[in-house]
Amino acid sequence: AQTVTQSQPEMSVQEAETVTLSCTYDTSESNYYLFWYKQPPSRQMILVIRQEAYKQQNATENRFSVNFQKAAKSFSLKISDSQLGDTAMYFCAFLNTNAGKSTFGDGTTLTVKP
Amino acid sequence: GAVVSQHPSWVICKSGTSVKIECRSLDFQATTMFWYRQFPKQSLMLMATSNEGSKATYEQGVEKDKFLINHASLTLSTLTVTSAHPEDSSFYICSAREDLAGADEQYFGPGTRLTVT
């Protein structure tokens, strides 16, 4: 079974600064995907960024980028130029392509302060 | 992007009654849909995987007779909470995966807040 660990229950950052959210996972699978989701106060889950395990290049999406270290089973999310709208709960998720279902971490609540 | 809707967005019901929650993929077909339960400030807990035309696969510890799932078409899955009790009060979220080879992204509905009094 896969496990996903987010060791930072809460974090805060000043507006316009950079913050990094950590995520580690454990799996014996070779084919998988990793995701970061954002859940704002509205509670709608929003995909932030995704990473295919077979790709060595780190995914980027505008102000969001990941540091994917496959050997270390680490998948951190960096948010640059933080904005007030980034305030949300962030979940790291692992998708086992064979089983077809995702495992979510416990989440990190991020607060961006003005 | 693909859109998933849920109805109702919130519901209050009395203890002992049943409540049905609908999950629809609006602009794509979904062979597989997922139902999650989420308590405040906690993670999503997968309850079951819903497959069109077949029985749902429930996660360990989830009562299948309590949480009835029906995936009647490629765009609709329903979750019925039977004989609801206050401890069933929670936020229920569905998601759908597009019916394409190699599809890996899940699209989430906006969730349904259930309160049982």
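The notes below deal with the structure included here. The structure presented is a predicted model; accordingly, all values stated were derived computationally and were not measured.

Basis of the calculations
- Counting restarts for each chain: residues are numbered from 1 in the order of the written sequence.
- The order in which chains are written sets their letters, starting at A; the order in which ligands are written sets their numbers, starting at 1.
- Totals for whole chains, interfaces and linings use every residue, but because this is a predicted model, local features are given only for residues with pLDDT of at least 70 and side-chain atom pairs only at 80 or more, for both listing and counting.
- Based on all heavy atoms of the structure, the side-chain values leave hydrogens and waters out of the count.
- Residues count as neighbours in contact if any of their non-hydrogen atoms are within 4.5 Å of one another.
- Accessible-area loss on putting two parts together, using a 1.4 Å probe and summing over both, is the definition of buried area adopted here.
- The term salt bridge refers to a pairing of a side-chain nitrogen on Lys or Arg with a carboxyl oxygen on Asp or Glu at a separation within 4 Å.
- The term polar contact refers here to a pair of N or O atoms within 3.5 Å; inside protein, the definition further demands a hydrogen-donor-capable atom paired with an acceptor-capable atom, and it admits residues adjacent in sequence only when both atoms are side-chain atoms.
- Helix numbering and strand numbering both begin at the N terminus, where a helix is a DSSP run of H or I of at least 4 residues and a strand a DSSP run of E of at least 2.
- All residues other than Ala, Val, Leu, Ile, Met, Phe, Trp, Tyr, Cys, Pro, Asp, Glu, Lys and Arg, Gly among them, are scored as polar; the first ten of these are nonpolar and the last four charged.
- Strands are labelled as partners when DSSP assigns at least two bridges between them.
- Every angle, taken between N-to-C directions, lies between 0 and 180 degrees, and every axis is a line fitted to C-alpha atoms, over only the stretch in contact when it is a helix.

A short note on the interface of chain B and chain A
In step 1: The interface of chain B with chain A comprises 22 residues on the first partner and 18 residues on the second.
In step 2: Summing both partners gives a buried area of about 1700 Å² for chain B against chain A, and 48% of it is carried by carbon and sulfur.
In step 3: Taken as a group, S43, D104 and F108 of chain B account for 32% of the area that chain B buries against chain A, more than any other trio of residues on that side.
In step 4: Of the charged contacts, one joins K101 of chain A and E59 of chain B as a salt bridge, the two residues approaching to 2.8 Å between their closest N and O atoms.
In step 5: Taken together, the links from chain B to chain A amount to eight residue pairs in polar contact (both at pLDDT 80 or more).
In step 6: Counting residues per element, the ones that place at least two in the side of chain B that touches chain A are β4 (32-38), β5 (44-51), β9 (90-97) and β10 (106-108) of chain B.
In step 7: Split into classes, the residues belonging to the side of chain B that touches chain A amount to 10 nonpolar, six polar and six charged.

Concerning the sheet that holds strand β7 (residues 67-73) of chain B
All names here are of chain B.
In step 1: Spatial strand order, β1-β3-β8-β7: four strands in an open sheet with antiparallel pairing. The sheet is open, and its two borders are formed by β1 (4-7) and β7, each paired with just one other strand. Going across the sheet, the axis of each strand differs from the next one's by a mean of 15°, ignoring polarity.
In step 2: Sheet topology places strand β3 (residues 19-25) next to strand β8 (residues 76-81); six bridges connect them, and they run antiparallel. By the bridge assignment, V19 is partnered in β8 with V81.

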